[in-house]
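What follows is each chain in one-letter form.
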Amino acid sequence: MNHIKNKTQNKKEGQLSGILMILLIWILLAAYQRIALDKPFPYPWEAILALLDPSQNMLLHAGASLLRWGSGFILASSLGIVLGIIMGLSPVVERLFSPLVTVLQLIPGLAWIPITMIVFGLGNGATIFMITVTAIAPIIINTRSGIQQIETVLLQAAQTMELSPRRTFFRVILPGAAPSIISGLRTGAANGFRVLISAEMVVGSSLGLGYALYQSRWTLDYQAAFGALTLIIIIGLIVERVIFSSLDCHIRQKRGLL
Amino acid sequence: MILEFRGIDHRYRSKESEIHALSGIDLKVSEGEFLCIVGSSGCGKTSLLHMAAGLLQPESGEVLFRGKTITGPGRDRAVVFQESTLMPWLNVEENILLAMDSSQKNDQKEAVANALETVGLRGFDHAMPHELSGGMKQKVSIARSLVMNSPILLMDEPFSSLDEQTRARLNREMITIWEKSQKTVIFITHSIREALTLGSRVVLLSVRPGKVIGDWDLSREKPSVDSIPFNTLAQKIRGSMGLCCPPKEHTT
């Protein structure tokens, strides 16, 4: 147990120095741009200050973005996991939906803009639709393969114990597929997050980090733009490193895979 | 008669080839017997066990359990598989509880404790499977099959992946469990020694197609391990398997 703790400790330290590295590069780049080229490249602390400036409403923008991303992601997860499970269990459904999933996977997020505009116009619905549609493919694919990769002998054991369908599902199939489902959710969340920012730039209206980022082009308020970027990165890091990473770690540790 | 194989014939087909796995198997298993089925790899002994478990349907012939044709798996026939089939995400207690049906709700904890006691793993209730050695995992699998209260235990080379010492120890413990539980056991193995140590009856299968080519009843006179009659019988079985004198063209 001790060496596992040490490992996590080391990992945390590694992550911290990774973040310091990003800051260092930023500071060096800003210093060079400013001193040598006389360009208004903001330092990290200026960006943070702009972020906290109440007149910029950045936290409001962030809140609006998070809400859209959360809704789109929850929609994609529930639909994706259900469809992935059915496809994993039924070869007929799998054959029926496989081409659709491949197509979904191939279309880059922004290519949905024309369809989105026709169906949803501008605004929340449009952004949420684009997030859902880009996040869902990896969730379906990973859930399906997680279920298909469960060892046959475990299913045979469940059969010989005559487990009810419900127990087989919740005690054998779902936990067996869990690591794969989580990795699908991770990819889906990241895909959704990327398209969120771009979607807000194009089909967003009045609020959202992407919208704020795009607006700063016209207002020449670079500090606010960098502030928005910083916030985007921080939120992304928290969701990926803190939430998904620890969930994944917990599951693997319990099974002795770490 | 608890189990009966009647005229079993089975082939495995793939695009390129066809393997005649089992041919004309007629075998009757009596209540309370410890039947060891021994044969080289590929003789179809696992297929035979899977048929009794209801995981495989024979191409022709039928397997009867207490006079009724087996059509699928059931709680009246507990199976211990070759590899560990404990759910890696459940601890020992949860794994054993999984095998209990809801009618056993009242005394579940007690039954788990008893089963673990029987296999000598008291106090391991909360261990995760990955924290156990291979032998301990198979013991938990045996405990799990015991709580199903089935009259018959089907064991498919359960100790074949264990080291020699662990295997010998588990063999001794298996005999105790059998004597205590009064269950019928069908035990598949490729080790003649293991078969003779455990079985009250030993059946020998030939290879491709698998046919019964020997049947020894040891219930009345069980030779003690490594005694002269034990070794003589082992030699005899080895002879029937064609293992005593390897064909000359295969010498290296």
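Predicted model only: the values in this text are computed from it and were never measured.

Calculation notes
Residues numbered from 1 in each chain as written. Chains lettered and ligands numbered in written order. Predicted model: local features only at pLDDT ≥ 70, side-chain atom pairs only at ≥ 80, totals over all residues. Heavy atoms only, no water. Helix = DSSP H or I, 4+ residues; strand = E, 2+ residues; numbered from the N terminus. Buried < 20%, exposed > 50% of the residue type's maximum accessible area, 1.4 Å probe, protein only. Axes fitted to C-alpha atoms, helices over the stretch in contact; angles between N-to-C directions. Parallel < 35°, antiparallel > 145°, perpendicular 65-115°, else oblique. Left-handed = near helix turned anticlockwise from the far one by under 90°. Contact = heavy atoms within 4.5 Å. Nonpolar A, V, L, I, M, F, W, Y, C, P; charged D, E, K, R; others polar. Pairing = 2+ DSSP bridges. pLDDT = per-residue confidence, 0-100. Buried area = accessible area lost by both parts, 1.4 Å probe. Salt bridge = Lys/Arg side-chain N within 4 Å of Asp/Glu carboxyl O. Polar contact = N/O pair within 3.5 Å; in protein donor to acceptor, adjacent residues only side chain to side chain.

**What to know about the overall build of chain A**
Part 1: From N to C terminus, chain A includes ten helices and zero strands.
Part 2: Moving toward the C terminus, one meets the helices and strands of chain A in the order α-α-α-α-α-α-α-α-α-α.
Part 3: Viewed in the frame of its principal axes, chain A has a C-alpha envelope of about 75 × 55 × 30 Å.
Part 4: Every one of the 258 residues in chain A was classed for burial, and the buried ones make up 45%.

**Regarding the packing of helix α3 (residues 58–89) of chain A against helix α4 (residues 91–106) of chain A**
All names here are of chain A.
Part 1: One way to put it is that α3 packs onto α4 with a least axis distance of 6 Å and a crossing angle of 130°. Considering the angle they form, α3 stands oblique to α4. Where α3 crosses over α4, the handedness of that crossing is left-handed. Residues L83, I86, M87 and L89 of α3 touch α4, and the partners they reach there are P91, V93, E94, F97, S98 and V101.
Part 2: Here the contact of α3 with α4 is composed, by residue class, of eight nonpolar, one polar and one charged.

**Let's talk about the sheet that holds strand β1 (residues 3–13) of chain B**
Backbone-to-backbone hydrogen bonds join strands into a sheet, with any given pair of strands oriented parallel or antiparallel.
Residues and elements named next belong to chain B.
Part 1: Strands sit in the order β2-β1-β4-β5 across an open sheet of four strands; the sheet is antiparallel. Strand pairing shows two members of the sheet lacking a second neighbour, β2 (18–29) and β5 (68–69), which therefore form its edges.
Part 2: In the sheet, β1 pairs with β2 via eight bridges, with the strands oriented antiparallel. Across the sheet, the residue bridging to I8 is I25, located in β2.
Part 3: Together, β1, β2 and β4 (60–65) form the strand contacts of helix α1 (residues 45–53), whose direction differs from that of β1 by roughly 120°.

**What to know about the confidence of the model for chain B**
All names here are of chain B.
Part 1: In the predicted model, chain B carries a mean pLDDT of 86, and the fraction of residues at 70 or more is 94%.
Part 2: Note on residues 245–252: pLDDT under 50 across the span, and zero contacts to partners over four residues away in sequence or across chains.
Part 3: At the level of chain-chain contacts, confidence expressed as ipTM amounts to 0.86, with global pTM at 0.80.

**What to know about the packing of α3 of chain A against helix α10 (residues 222–254) of chain A**
Residues and elements named next belong to chain A.
Part 1: The interhelical angle for the contact between α3 and α10, taken along N-to-C directions, is 40°, at an axis separation of 11 Å. As far as their axial angle goes, α10 and α3 are oblique. Note on packing geometry: the crossing formed by α3 with α10 is right-handed. On α10, the residues that touch M58, A62, L66, W69 and F73 of α3 are A224, A228, L231, I235, V239 and F244.
Part 2: In the contact of α3 with α10, the residues fall into eleven nonpolar, no polar and no charged.

**Notes on unusual backbone geometry**
Part 1: Positive phi values are uncommon outside glycine, yet D38 of chain A reaches one of about 60°.
Part 2: Along the chain, D38 of chain A turns up in the loop between α1 (2–35) and α2 (44–52).
Part 3: Despite not being glycine, R66 of chain B has its phi angle at roughly 50°, a positive value.
Part 4: Within the fold, R66 of chain B resides in the loop between β4 and β5.
Part 5: Given the relative accessible area of 45%, R66 of chain B is considered partly exposed.

**Some remarks on the pairing of β4 of chain B**
All names here are of chain B.
Part 1: Pairing analysis gives five bridges linking β1 to β4, with the strands arranged antiparallel. Across the sheet, the residue bridging to L3 is F65, located in β4.
Part 2: Here two bridges tie β4 to β5, and the two strands are oriented antiparallel to one another. Paired with F65 across the two strands is K68, which belongs to β5.

**Overview of the interface of chain A and chain B**
Part 1: Listed per partner, the contact involves 18 residues of chain A and 23 residues of chain B.
Part 2: Roughly 1,900 Å² is buried in total at the junction of chain A and chain B, and carbon and sulfur atoms are behind 68% of that figure.
Part 3: The three residues of chain A that bury the most area against chain B are T160, M161 and R171 of chain A, which together make up 33% of that side's buried surface.
Part 4: Linking chain A with chain B are zero salt bridges.
Part 5: The interface formed by chain A and chain B contains six residue pairs in polar contact (both at pLDDT 80 or more).
Part 6: The set of elements that each furnish at least two residues to the side of chain A that touches chain B consists of α7 (152–160), α8 (165–203) and α10 of chain A.

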